[in-house]
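# What the coordinates show
The residues making up each chain are set out below.
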Amino acid sequence: MVRKMSCTFWIQNMHTLRRLSMCCPRRLSHCATRLWTHHQALSTCRTRPIHPMQQRGPREPAAVAEEERCTVERWANFSYAKFVQYYAFSRPVILQGLTDNSRFRALCSRERLLASFGNNVVRLSTANTYSYQKVDLPFQEYVEQMLHPQDPTSLDTLYFFGDHNFTEWASLFQHYSPPTFSLLGTTPAYSFGIAGAGSGVPFHWHGPGFSEVIYGRKRWFLYPPEKTPEFHPNKTTLSWLQNIYPALTPSARPLECTIQAGEVLYFPDRWWHATLNLDTSVFISTFLS
Ligand SMILES: O=C(O)CCC(=O)C(=O)O
């Protein structure tokens, strides 16, 4: 047994919650439902003994927390007229109850995806602003070998997002119900993704779109087109969150919020955005281009 313990954990599954409850049971519900920064976790839990298997290795990733305060407006059962009037051309919004993808969610369990698509070759992209590196490998290999929490010291993340062979994945995508709100003159295009906790895409912008989380949680950071964020295009969102975000003055902070399974975030045209998956996540974007 050792005295100095690690409370580095990933709130992504029951195994993690059990680890967390062993390290600091009084804080379990707090940890699971609210943000707990890495430092808070360490300082709260440092003095209690742990089993050696729980020790934190030198490259074990840090926990990623939800934001202290969600600053993106969130509405349930919102009307299309109000969406167009208040958000479509001006600011992001999170919409609840816009889609019902329970069937699609059931088809996206790890077991079902592996059974149906394990042998498909998928194309991974580097999760940096320009996504210039591409790697092809069988989906099963991606899930079994690469879907782990992001190493915060690493600059690279290979991400399965977009770049699909739509014929091969058609039997899955036909069950996705996209957001019913559309914008005149645009055509929807899907981008489906699965990624590990702590992964994400650094700041970039493009046309408007919706992003729905199917499993897990995704934290979003958004700036209006005229406010270029301070970031490095080849560093991860996790590194930005740990190194740049804490020094931002309140007025320099982005709009931010974490969306949960079943919620849809809308981003307007040319809004800067960066993402961070707080859990192993399955997600789908509908780009309106
Ligand atoms: O879902 C993600 O992590 C990336 C989404 C994104 O940046 C986009 O849709 O452009």
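This is a predicted model, so every value here is computed, not measured. Every chain begins its residue count from 1, and numbering advances along the sequence as written. In keeping with the predicted nature of the model, local features appear solely for residues at pLDDT of at least 70, side-chain atom pairs appear and are counted solely at 80 or more, and the whole-chain, interface and lining totals rest on all residues.

Before going further, it helps to examine the overall build of the protein chain. Assigned secondary structure in the protein chain consists of 9 helices and 12 strands. Long-range contacts, defined as pairs at least 24 residues apart, comprise 82% of the intrachain contacts of the protein chain with a sequence gap of at least 6. Comment: elements are numbered from the N terminus, with helices defined as DSSP H or I runs of at least four residues and strands as E runs of at least two. The contact rule is simple: place each C-beta atom from the backbone, and if two of them lie within 7 Å, those residues are in contact.

By the convention used here, strands pair only if DSSP detects at least 2 bridges between them. Pairing is antiparallel in the open sheet, where 3 strands are placed in the order β9-β8-β11. Here the strands that pair on one side only, and so sit at the sheet edges, are β9 (255-260) and β11 (272-277). The mean inter-strand angle of the sheet, taken between neighbouring strand axes irrespective of direction, is 20 degrees. The sheet contact formed by strand β8 (residues 217-223) and β9 spans 6 bridges and is antiparallel. From the neighbouring strand, Leu-222 faces β9, where its bridge partner is Leu-255. Every angle, taken between N-to-C directions, lies between 0 and 180 degrees, and every axis is a line fitted to C-alpha atoms, over only the stretch in contact when it is a helix.

Here we take up unusual backbone geometry. Positioned with a positive phi, Asn-77 is a non-glycine residue whose angle comes to about 45 degrees. One can find Asn-77 in the loop between β1 (74-76) and α4 (80-86). Here a residue counts as buried when 20 or more other C-beta atoms sit within 10 Å of its C-beta, as exposed when there are 12 or fewer, and as partly exposed otherwise, the C-beta atoms being derived from the backbone. By the C-beta count within 10 Å, which is 8 here, Asn-77 ends up exposed. For Arg-270, which is not a glycine, the phi torsion comes out positive at approximately 65 degrees. Here Arg-270 shows up in the loop between β10 (263-267) and β11.

Attention now moves to the site of the ligand. A molecule or strand has a residue near it when that residue's C-beta atom, placed from backbone coordinates, lies within 6 Å of it. Taken together, Phe-161, Gly-193, Gly-200, Val-201, Gly-209, Ser-211, His-273, Thr-275, Phe-283 and Ser-285 make up all the residues around the ligand. Looking at the shell around the ligand, the elements that each hand over two or more residues are β7 (209-215), β11 and β12 (281-288). Polar here means any residue other than Ala, Val, Leu, Ile, Met, Phe, Trp, Tyr, Cys and Pro, which are nonpolar, and Asp, Glu, Lys and Arg, which are charged; Gly is therefore polar. For the shell around the ligand, the class distribution of residues is 3 nonpolar, 7 polar and no charged.

Moving on to the environment of Pro-152. Tracing the sequence through the fold places Pro-152 in the loop between α7 (139-146) and β5 (158-161). Classification of Pro-152 by C-beta neighbours within 10 Å gives partly exposed; the count is 18.

On to the nonpolar core. In this structure, Ile-94, Phe-160, Leu-265 and Tyr-266 are the most contacted members of the largest nonpolar core, which totals 48 residues. Setting aside residues no more than four positions away along its own chain, Ile-94 makes contact with Val-72, Arg-74, Cys-257, Ile-259, Glu-263 and Leu-265. Connectivity within a nonpolar core runs through C-beta atoms within 7 Å, and the core itself is a set of buried Ala, Val, Leu, Ile, Met, Phe, Trp, Tyr and Cys residues.

Our next topic: the sheet that holds strand β3 (residues 121-126). Read from one edge of the open sheet, 9 strands run β1-β2-β10-β7-β12-β6-β5-β3-β4, paired in mixed fashion. A single partner strand is all that each edge strand has here, and the edge strands are β1 and β4 (134-138). Pairs of neighbouring strands in the sheet enclose a mean axial angle of 30 degrees, with direction left out of account. Across 4 bridges, β7 lies against β10 in antiparallel orientation.

Moving on: the pairing of β11. Of all 6 residues in β11, 5 are buried, a share of seventy percent or more. The pairing of β8 with β11 spans 6 bridges and is antiparallel. If you follow Phe-221 over to β11, its bridge partner there is Ala-274.

Structurally, Pro-229 can be placed in the loop between β8 and α9 (237-243). Here Pro-229 falls in the buried class, since 20 other C-beta atoms lie within 10 Å of it. Put simply, Pro-229 and Pro-254 are 25 residues apart on the chain and 8.1 Å apart in space, counted from C-alpha to C-alpha. If near-sequence neighbours (up to four positions away) are discounted, Pro-229 is found in contact with Phe-203, Tyr-223, Pro-254 and Trp-272.

This next bit is on the confidence of the model for the protein chain. Each residue carries a pLDDT score, the predictor's confidence in it, ranging from 0 to 100. Averaged over all residues, the pLDDT of the protein chain is 79; the fraction at 70 or higher stands at 76%. Counting contacts from residues 1-60, a segment whose pLDDT is below 50, to residues more than four positions away or on other chains yields 72 contacts.

Our next topic: the pairing of strand β6 (residues 188-195). Where β5 lies against β6, 2 bridges are found, and the strand directions are antiparallel. Within β6, the position partnered with Phe-160 by the bridge is Ile-194. In this structure, β6 lies alongside β12, joined through 8 bridges in antiparallel fashion. Bridged to Gly-193 within β12 is Phe-283.

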